[in-house]
Number of protein chains: 2
Amino acid sequence: MRIGIVGVGAIGGFYGVKLALSGADVHFLLRSDYDSVCKNGLEIREPENRSFRINPNAYREASEIGHCDLILIALKTTANSVMCDLAAPLVGPDSVVLTLQNGMGNTEILAGCFGGDRVLTGQCFVTLNRIAPGVIENYSPGKITVGSMVEGEARDRMPAIVDVFNRAGVPCSIADHLDDLLWKKLLWNVPFNGLAVAAGGIPTDRILASPALLAETRALMEEIRIGAAAFGVEIPARMIDRQIDATFPMGAYRPSTLIDFLEGRPMEVEAIWGEPLRRARSRGILMPRLSLLYALLSSL
Amino acid sequence: MRIGIVGVGAIGGFYGVKLALSGADVHFLLRSDYDSVCKNGLEIREPENRSFRINPNAYREASEIGHCDLILIALKTTANSVMCDLAAPLVGPDSVVLTLQNGMGNTEILAGCFGGDRVLTGQCFVTLNRIAPGVIENYSPGKITVGSMVEGEARDRMPAIVDVFNRAGVPCSIADHLDDLLWKKLLWNVPFNGLAVAAGGIPTDRILASPALLAETRALMEEIRIGAAAFGVEIPARMIDRQIDATFPMGAYRPSTLIDFLEGRPMEVEAIWGEPLRRARSRGILMPRLSLLYALLSSL
């Protein structure tokens, strides 16, 4: 299986290296980090001083890569306006495109370009920081859950794709229901990524340490739960407790949006806050806290 | 009428100068600006190059002032923990204490120290900026509305106090209902002071220019309207439109909390956001946007 990676930040670099180390045929399309990665390679650092480095098949132009069987989209959603043009040269008649991006709305853009039957949606449950060009720190296993919007080629090939990830040591499974996948991921991202920025640029431990912010975290999760229900996604109340409990051991973790904010990069405001807000509104569900948070993040 | 002013920032300086210019016997208790005001006086600058300057009766110690008939409290509410100690030497057996501070909860603190029958609550509808120690810019007339919590000495003397302000060219009137006064003032302060800070430190024209922030402004006002109703205060819906309309001509106005934030001073979070939130909760009214805004401002 020939695999192309579009966007080699934390997500693209991490999964690309894992796949390459397992023997997969992986080709990396880089932009800003091209020179640095050609010189120094791609490196993953894990707890207990483990680290992995590869000299990847790196390209500056997608046309040099050509068609791939599987194309992983790991761009920031803030680059979604150029996503299809970047990926197009990799997409052949039998390709499957798998977005590993944050939030909602990415699948629809790719489906508009390449056809809904070719697109899969993956959600990554992983704790990563890109600490330098081509250098990614990883603190947790990095599970991927994959789903599809419609029947077709891509859905039929999900088991083979899941298998490729599992062989690379990345726990991967198929979601029964795509909406399920997206809403459950947002349950964490909406409050923690959002409050980390809006409360002044603080890591997750400081959100948890503030009774007022912790209460707002729960309340935002409750709004997501109600929004999800309007799409037939049942999020059990205990999942809110579980996600909060799981955040304590993460310590002073900086969610990706906080890093974007602190480093002056565009934040993924539409994918994480704007799109779920609009979807819920379209079904008559009001999310007052999410609405305010979205307006503030859009302005910051 | 011997008048003492406790706190000579924008509010205390402005009304103190107006009263002194009308011939009233005004005594100013200063803290940080004492030296500068002794040297340069107190100055108000108004549109069309009007300005007024006085050499005030300035004091560093309240005990040097002694008892006053009327004591205007114009401290930031962030100094409320020292307010009673500061004001006590001015309060004699016949004194009336009038708080001109922002938000809710100030009257109750003063009533606890000096007796509810001695305390009046004023709300100032005025656009001021203290641009340097003792120098205050004024962009609007500066109406004061005065109310009282309980029957007694202070309430009986309201007409005389209103008269003193009116003679000084400050439009002043008596509110029928104290809660009315407080909630209606918050209708503007909660959204504009709050969003100006939480949206990244922006003046009011940029709030109005963002459709998302303008919608949140209206939604926060709607929450205040519902909170007020639980206290018997009816805020007509058209007052929301009117307050928003009145904000456009203010241009790039920086609300006091924004100035506090930008200059690194404590913000009046409890008086403007915390106290109305707690009062509404005590009557079973939830204010989700105000709740989130309060948590964010508390953290900033």
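Parameters and conventions
- Residues numbered from 1 in each chain as written.
- Chains lettered and ligands numbered in written order.
- Predicted model: local features only at pLDDT ≥ 70, side-chain atom pairs only at ≥ 80, totals over all residues.
- Heavy atoms only, no water.
- Phe/Tyr/Trp six-rings, centres within 6.5 Å; stacked < 30°, edge-to-face > 60°.
- Buried < 20%, exposed > 50% of the residue type's maximum accessible area, 1.4 Å probe, protein only.
- Lys NZ or Arg CZ within 6 Å of the ring centre and 35° of its normal.
- Core = buried A, V, L, I, M, F, W, Y, C linked by side-chain atoms within 4.5 Å.
- Contact = heavy atoms within 4.5 Å.
- Helix = DSSP H or I, 4+ residues; strand = E, 2+ residues; numbered from the N terminus.
- Pairing = 2+ DSSP bridges.
- Axes fitted to C-alpha atoms, helices over the stretch in contact; angles between N-to-C directions.
- Polar contact = N/O pair within 3.5 Å; in protein donor to acceptor, adjacent residues only side chain to side chain.
- Least-squares fit on C-alpha atoms with pLDDT ≥ 70 in both.
- Buried area = accessible area lost by both parts, 1.4 Å probe.
- Salt bridge = Lys/Arg side-chain N within 4 Å of Asp/Glu carboxyl O.
- Nonpolar A, V, L, I, M, F, W, Y, C, P; charged D, E, K, R; others polar.

Caption draft 1: Here's a closer look at the packing of aromatic side chains. All names here are of chain A. Summed over all chains, the structure comprises ten aromatic pairs over all chains. Ring centres of Phe14 and Tyr15 lie 5.0 Å apart, and the angle between their planes is 75°; this geometry places the pair in the edge-to-face category. In this structure, Phe14 and Tyr15 share a single accessibility class: buried. Aromatic ring contacts, followed pair by pair, group Phe14, Tyr15 and Phe165 into a single cluster. Taking the ring centre of Phe125 as reference, the NZ or CZ of Lys185 above it sits at 5.7 Å.

Caption draft 2: Structural view of the nonpolar core. Membership of the largest hydrophobic core comes to 96 residues, with the highest contact counts inside it found for Trp183 and Trp273 of chain A together with Trp183 and Trp273 of chain B. Beyond its immediate chain neighbours, meaning those up to four positions away, Trp183 of chain A contacts Met104, Ile224, Gly227, Ala228, Phe231, Val233, Ile235, Pro276 and Met287 of chain A. Core analysis: the next-biggest nonpolar cluster, separate from the first, contains 38 residues, Val17, Val26, Ala58 and Val146 of chain B among them.

Caption draft 3: Inspection of the environment of Val197 of chain A at higher detail. Residues and elements named next belong to chain A. One can find Val197 in helix H8 (residues 178-198). Residue classification places Val197 among the buried residues on the basis of a relative accessible area of 2%. Separated by 188 residues in sequence, Val197 and Gly9 have C-alpha atoms that sit 20 Å apart. Not counting residues within four places of it along the chain, the set of residues in contact with Val197 comprises Thr257, Leu258, Phe261, Met267, Leu297 and Leu300.

Caption draft 4: Structural view of the sheet that holds strand S10 (residues 135-138) of chain A. Residue and element names in this part refer to chain A. The mixed open sheet is built from four strands, whose spatial order is S4-S3-S10-S9. Because the sheet does not close on itself, it has two edges, and the strands there are strand S4 (51-54) and strand S9 (128-132). Adjacent strand axes in the sheet meet at a mean angle of 20°, parallel and antiparallel pairs treated alike. The sheet contact formed by S9 and S10 spans four bridges and is antiparallel. If you follow Asn129 over to S10, its bridge partner there is Glu137.

Caption draft 5: Expanded view of the environment of Cys113 of chain B. Residue and element names in this part refer to chain B. Mapped onto the secondary structure, Cys113 falls in helix H5 (residues 106-114). A residue is classified by how much of its surface remains accessible, and Cys113, at 39% relative accessible area, is partly exposed. Expressed as a C-alpha distance, the spacing of Cys113 and Asp85, which sit 28 residues apart in the sequence, is 9.1 Å.

Caption draft 6: Molecular detail of the environment of Arg265 of chain A. All names here are of chain A. Within the secondary structure, Arg265 sits in the loop between helix H12 (256-262) and helix H13 (269-282). Overall, the relative accessible area of 34% leaves Arg265 in the partly exposed class. When the C-alpha positions of Arg265 and Asn40 are compared, they lie 24 Å apart, and in sequence the two are 225 residues distant. Residues within four places of Arg265 in sequence aside, it is in contact with Ile259 and Asp260. Side chain to side chain, Arg265 and Glu263 meet in a polar contact 2.6 Å long.

Caption draft 7: View of the relation of the copies chain B and chain A. Between chain B and chain A, which share one sequence, the superposing operator has a rotation angle of 180° and an axial displacement of 0.0 Å; the RMSD is 0.1 Å. Look at the turn and shift together and you get a two-fold axis relating the two. Of the C-alpha atoms belonging to chain B, the one lying closest to the rotation axis is found on Arg289 of chain B, 2.7 Å away. Comparing interface residues between copies, 100% of those in chain B also sit at the interface in chain A, which points to an isologous, same-surface contact.

Caption draft 8: Unusual backbone geometry, seen in detail. If you check the backbone angles, Glu48 of chain A has positive phi at about 60° while not being a glycine. Following the sequence through the fold, Glu48 of chain A ends up in the loop between strand S3 (42-45) and S4.

Caption draft 9: Fine view of the interface of chain B and chain A. Taken together, the contact between chain B and chain A spans 17 residues of the former and 17 residues of the latter. Between chain B and chain A the total buried area reaches about 1,600 Å² when both faces are included, carbon and sulfur atoms providing 70% of it. Our count for the contact surface shared by chain B and chain A stands at zero salt bridges. Inspection of the region where chain B meets chain A yields eight residue pairs in polar contact (both at pLDDT 80 or more). Of all the elements in the fold, those that place two or more residues in the side of chain B that touches chain A are helix H8 (178-198), helix H10 (211-229) and helix H14 (288-299) of chain B. Ranked by residues supplied to the side of chain B that touches chain A, first place goes to H14 of chain B with eight residues. Classifying every residue of the side of chain B that touches chain A by side-chain character gives twelve nonpolar, three polar and two charged.

Caption draft 10: Quick look at the sheet that holds strand S11 (residues 143-148) of chain B. Residue and element names in this part refer to chain B. One open sheet accounts for eight strands, arranged S5-S2-S1-S6-S7-S8-S11-S12; its pairing is mixed. The open sheet terminates on both sides in strands that have one partner only, identified here as strand S5 (57-59) and strand S12 (172-174). Between one strand axis and the next, the sheet turns by 25° as a mean value, whatever way the strands run. Sheet topology note: the S11/S12 ladder contains three bridges and is parallel. Residue pairing across strands places Ile144 opposite Cys172, the latter belonging to S12. Helix-sheet contacts for H5 involve strand S6 (68-73), strand S7 (91-99) and strand S8 (119-125), and the interaxial angle to S7 is about 175°.

Just geometry here; none of it tells us what the structure is for.
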